[in-house]
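# Coordinates in review
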Amino acid sequence: NAGVTQTPKFQVLKTGQSMTLQCAQDMNHNSMYWYRQDPGMGLRLIYYSASEGTTDKGEVPNGYNVSRLNKREFSLRLESAAPSQTSVYFCASSDRTSTDTQYFGPGTRLTVL
Amino acid sequence: EDQVTQSPEALRLQEGESSSLNCSYTVSGLRGLFWYRQDPGKGPEFLFTLYSAGEEKEKERLKATLTKKESFLHITAPKPEDSATYLCAVAGNNRKLIWGLGTSLAVNP
């Protein structure tokens, strides 16, 4: 049981480049989430998916897109990376809603130059 | 406005020196209060969920308690391996999870 997995672990991009962060969970959870964590800002929700086929904006969605590929996988795409998107990105999942316990992946450390 | 405040921001203890971390919250209709542990370079690791005032949960040297306004994470006789950042999050009736900024705990041998 791997829980929540994320790839890649580290990534360096140049301004304007695009990339997709991958996330998968094997707990048969319905809801999945993407967060970013910055010093002094705490965890901030970017997008979430309450079920397969649905996605909704969180607190800081600008500059990001998401895809809930199937029940297991939830990807985060940066179309044109900016230095302000330098951060650590975490994927999480929960059984049903955001009031259920969320389980986190190991994170992706992204640097945009 | 829903809000979560954790204190202190940082805490340094000697091994064996018990203490408590605080999570104060304001939320409309508490649906759950969550404690996580985060080690440097890793994702948050779930510790406890508390649902109603008066509830307590324990795991090894950690004990979480909940009142109508705050939660405490009590650490009894801590060891160096308890060093980490401890995060608190609260979910209310709007079903949004509000995160605190965390308490960074260092336990010296």
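Values in this document were obtained by computation on a predicted structure and should not be read as measured data.

When we look at a pair of aromatic rings, we describe it by the centre distance and by the angle of the planes. Considering all chains together, one arrives at 11 aromatic pairs over all chains under this definition. Look at A:Phe90 and A:Phe104: their rings are 6.4 Å apart centre to centre, the planes differ by 80°, and that puts the pair in the edge-to-face class. One end of the pair, A:Phe90, is in strand 9 (residues 87-94); the other, A:Phe104, is in strand 10 (residues 103-104), and 14 residues separate them in sequence. Judged by its relative accessible area of 2%, A:Phe90 falls in the buried class. For A:Phe104, a relative accessible area of 11% translates into the label buried. Here A:Tyr103 and B:Phe46 contribute two aromatic rings whose centre-to-centre distance is 5.9 Å and whose plane-to-plane angle is 65°, an arrangement assigned as edge-to-face. Placement of A:Tyr103 in strand 10 and of B:Phe46 in strand 5 (residues 45-50) is noted, with the two residues assigned to different chains. B:Phe46 sits in the partly exposed class, given a relative accessible area of 22%. Among the aromatic residues, those joined into a ring-pair cluster are A:Tyr33, A:Tyr35, A:Tyr48, A:Phe90, A:Tyr103, A:Phe104, B:Tyr36, B:Phe46 and B:Trp99.

In sheet architecture, strand pairing relies on hydrogen bonds along the backbone and comes in two forms, parallel and antiparallel. Residue and element names in this part refer to chain B. Spatially, 1-3-8-7-6 is the arrangement adopted by the 5 strands of the open sheet, whose pairing is antiparallel. Across the chains shown, the open sheet's two edge strands, defined by having one partner strand only, are strand 1 (3-7) and strand 6 (56-59). Across this sheet, the average inter-strand angle for adjacent strands is 15°, counted without regard to direction. The sheet contact formed by strand 7 (residues 62-66) and strand 8 (residues 70-75) spans 5 bridges and is antiparallel. The residue of strand 8 that forms the bridge with Ala64 is Leu73.

What follows is about the interface of chain A and chain B. Interfaces are frequently sized by the accessible area removed from exposure as the parts join. Of the residues lining the interface, 17 residues belong to chain A; the matching set on chain B comes to 18 residues. In this assembly, chain A packs against chain B so that about 1300 Å² is buried in total across both faces, 57% of it on carbon and sulfur atoms. Considering only the surface of chain A that becomes buried against chain B, A:Leu43, A:Thr99 and A:Thr101 emerge as the three largest contributors, covering 37% of it. Applying the counting criterion to the chain A and chain B interface returns 0 salt bridges. If you look at where chain A meets chain B, you find 3 residue pairs in polar contact (both at pLDDT 80 or more). Counting only elements with at least two residues in the side of chain A that touches chain B, the list comes to strand 4 (31-38), strand 5 (42-49) and strand 10 of chain A.

What follows deals with unusual backbone geometry. That bond from A:Thr7 to A:Pro8 is cis: its omega, -10°, falls within 30 degrees of zero. Residue placement: A:Pro8 occurs in the loop between strand 1 (4-7) and strand 2 (10-13). Residue B:Pro8 follows B:Ser7 across a cis peptide bond; omega there is -10°. Positionally, B:Pro8 belongs in the loop between strand 1 and strand 2 (10-14). Backbone geometry places A:Asn28, a non-glycine residue, at a positive phi of 60°. Here A:Asn28 is to be found in the loop between strand 3 (19-25) and strand 4. By relative accessible area, which is 53% here, A:Asn28 ends up exposed.

The rules behind the values
- Residues numbered from 1 in each chain as written.
- Chains lettered and ligands numbered in written order.
- Predicted model: local features only at pLDDT ≥ 70, side-chain atom pairs only at ≥ 80, totals over all residues.
- Heavy atoms only, no water.
- Phe/Tyr/Trp six-rings, centres within 6.5 Å; stacked < 30°, edge-to-face > 60°.
- Helix = DSSP H or I, 4+ residues; strand = E, 2+ residues; numbered from the N terminus.
- Buried < 20%, exposed > 50% of the residue type's maximum accessible area, 1.4 Å probe, protein only.
- Pairing = 2+ DSSP bridges.
- Axes fitted to C-alpha atoms, helices over the stretch in contact; angles between N-to-C directions.
- Contact = heavy atoms within 4.5 Å.
- Buried area = accessible area lost by both parts, 1.4 Å probe.
- Salt bridge = Lys/Arg side-chain N within 4 Å of Asp/Glu carboxyl O.
- Polar contact = N/O pair within 3.5 Å; in protein donor to acceptor, adjacent residues only side chain to side chain.

These results come straight from atomic positions and should not be treated as a statement about function.
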